[in-house]
Structure formats: C-alpha cells, structure tokens
Amino acid sequence: MKKILSIILPLSFCFSLAACESREPKEISCEEIIAAYKDAGYAVLYHGHEGDESYHDLGMYCCFEIRDPDNEDNYMYINRYFNEEDAKAASEEREFNPLLWGFFGIFGEWRWLRTGYYGDLTYETFDKEMLKPLKELMK
C-alpha cells in the first residue's frame, strides 16, 4: 500500500501543477475578427475604430457591432480595451445577474447571458451561434 501511495501522490501533484497552467491569449486583430464575421455571412457595423477617439474615455478602441442579416434580433458587440484588466472588469460588470435581469427584466438585456472576455476583448451576444467565428479565432 505504501508503494502505491508513494507513486500516486507525486503523480497527482504533477497533474495538479499541469492543470494550473494558464495560456496567454492569442493576439487577434480587429481586422481578423471583422474578416471572420464577414466570411461567416454577418454584417459588421462600427461603433468606433482605430483613429476614432469617441470610446477612448471608456478605455476602449476598435468597438463594433455584428448583426445577423437573417434575424435582426441576433446581434453582438465586440470591444477591444487598452488592457486585459479593463476588459475583464467590463465583462464582469455586464455579466448576467438573475436577480436584476432575469426576474425583473427591466435593468438589462438578454445578451448579457453570453458575456465574456478574451485577453483585451469583450463580447456580448444573444445567440451562442454568433460566437463561433470568434471562438475559432481564439484557438
């Protein structure tokens, strides 16, 4: 029994260290996101883009909206922040809260059910299908 434990304990320690490994987010340009969504048949509308300083006060640049041309109720926002910390904070702020949005329905929108961040990007959408092009770029 002691021999088995002497083998299992070090192995479990090694596996736990490997499980904690965090990968750096892949750098995805705004142009790559736009191209991926246009190739998938979505319409890409701009809120702001590099050179447009209207969102700089909010810590963002390269902000745009993506629409499903077949269903006007399906759309998503993707925003690039100047750093990952701001993107994470913005994503957490807009995350779905069932007490505020689910039951009362007056303080939020359903797109916050699918909110997340990846590096310095945040995304919000109604439909998980709209996340597929972005998820492909994240691989």
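As a starting point, this report considers the structure included with it. Only a predicted model underlies this, so the values are computations on that prediction, with no experimental measurement involved. (Residues numbered from 1 in each chain as written. Predicted model: local features only at pLDDT ≥ 70, side-chain atom pairs only at ≥ 80, totals over all residues. Heavy atoms only, no water.)

1. Thoughts on the sheet that holds strand β5 (residues 121–125)
To keep it simple, the criterion reads: By definition, two strands form a pair when at least two bridges between them are found by DSSP. By definition, any uninterrupted DSSP run of H or I lasting at least four residues is a helix, any uninterrupted run of E lasting at least two residues is a strand, and each is numbered from the N terminus. Interaxial angles span 0 to 180 degrees and are taken between N-to-C directions of axes, which are lines fitted to C-alpha atoms, for helices over the stretch in contact.
The strand order across the open sheet built from five strands is β1-β2-β3-β5-β4, with neighbouring strands paired in antiparallel fashion. Single-partner strands in this sheet number two, and they are β1 (43–46) and β4 (114–118). Averaged over neighbouring strand pairs, the angle between their axes works out to 20° when direction is ignored. Both β1 and strand β2 (residues 60–68) contribute to a ladder of four bridges, which runs antiparallel. Following the sheet pairing, Ala43 is matched in β2 by Arg67.

2. Some remarks on the pairing of β2
Our working definition: Type-normalised accessible area, obtained with a 1.4 Å probe on protein chains alone, sets the label of each residue: buried when under 20%, exposed when over 50%, and partly exposed for intermediate values.
With seven of its nine residues buried, β2 lies for the most part within the structure. With seven bridges connecting them, β2 and strand β3 (residues 71–81) associate as antiparallel partners. When the bridges of β3 are listed, Phe64 appears paired with Ile78.

3. Brief notes about the environment of Asn74
Quick reminder of the rule: Here, two residues are considered to be in contact whenever any of their heavy atoms come within 4.5 Å of each other.
Residue position: Asn74 is located in strand β3. In the structure, Asn74 is positioned 56 residues away from Met130 in sequence and 8.0 Å away in space, judged by C-alpha atoms. Those residues in contact with Asn74 that lie beyond four places of it in its chain are Ile66, Arg67, Asp68, Phe126, Asp127 and Met130.

4. Focus: the state of the cysteines
For clarity, the cut-off: Cysteine sulfur atoms are paired as a disulfide whenever they fall within 2.5 Å.
Under the definition given, this model contains one disulfide. Here Cys30 is linked by a disulfide to Cys62, with a sulfur-sulfur distance of 1.5 Å. A residue pair is termed long-range when its members are at least 10 positions apart, and Cys30 in helix α2 (residues 30–39) and Cys62 in strand β2 qualify at 32 residues. Comparing Cys30 with Cys62, the two get one shared label, buried. Free cysteine: Cys63, not disulfide-bonded; nearest cysteine sulfur from Cys62 at 7.1 Å. The class of Cys63 is buried, set by a relative accessible area of 1%.

5. Remarks on the nonpolar core
Threshold: We call a set of buried residues a nonpolar core when its members are Ala, Val, Leu, Ile, Met, Phe, Trp, Tyr or Cys and they connect through side-chain atoms within 4.5 Å of each other.
By size, the foremost hydrophobic cluster in this structure holds 21 residues, and its most contacted members are Ile33, Tyr37, Phe64, Ile66, Met76, Ile78 and Leu134. For this core, the secondary-structure elements that each account for two or more residues are α2, β2, β3, β5 and α5 (132–138). For this core, the element with the highest residue contribution is α2, accounting for five residues. When residues no more than four places from it in sequence are discounted, the contact partners of Tyr37 are Tyr42, Val44, Ile66, Met76, Ile78, Met130, Leu131, Pro133 and Leu134. The next biggest cluster of nonpolar side chains, apart from the first, holds five residues, and it includes Cys63, Tyr81, Ala87 and Ala90.

6. Some remarks on helix α3 (residues 84–93)
Inclusion rule: In this description, one arc is meant: the one made by directions from the helix axis to the C-beta atoms.
Three or more residues of α3 are buried, namely Ala87, Ala90 and Ser91. Viewed along the axis of α3, the buried residues span an arc of 100°, placing them on a single side of the element. In α3, those exposed residues whose orientation departs by more than 90 degrees from the buried face are Glu85 and Glu93. Next to the buried residues of α3 lie β3, β4 and β5.

As far as function goes, none of this settles anything; it's purely spatial.
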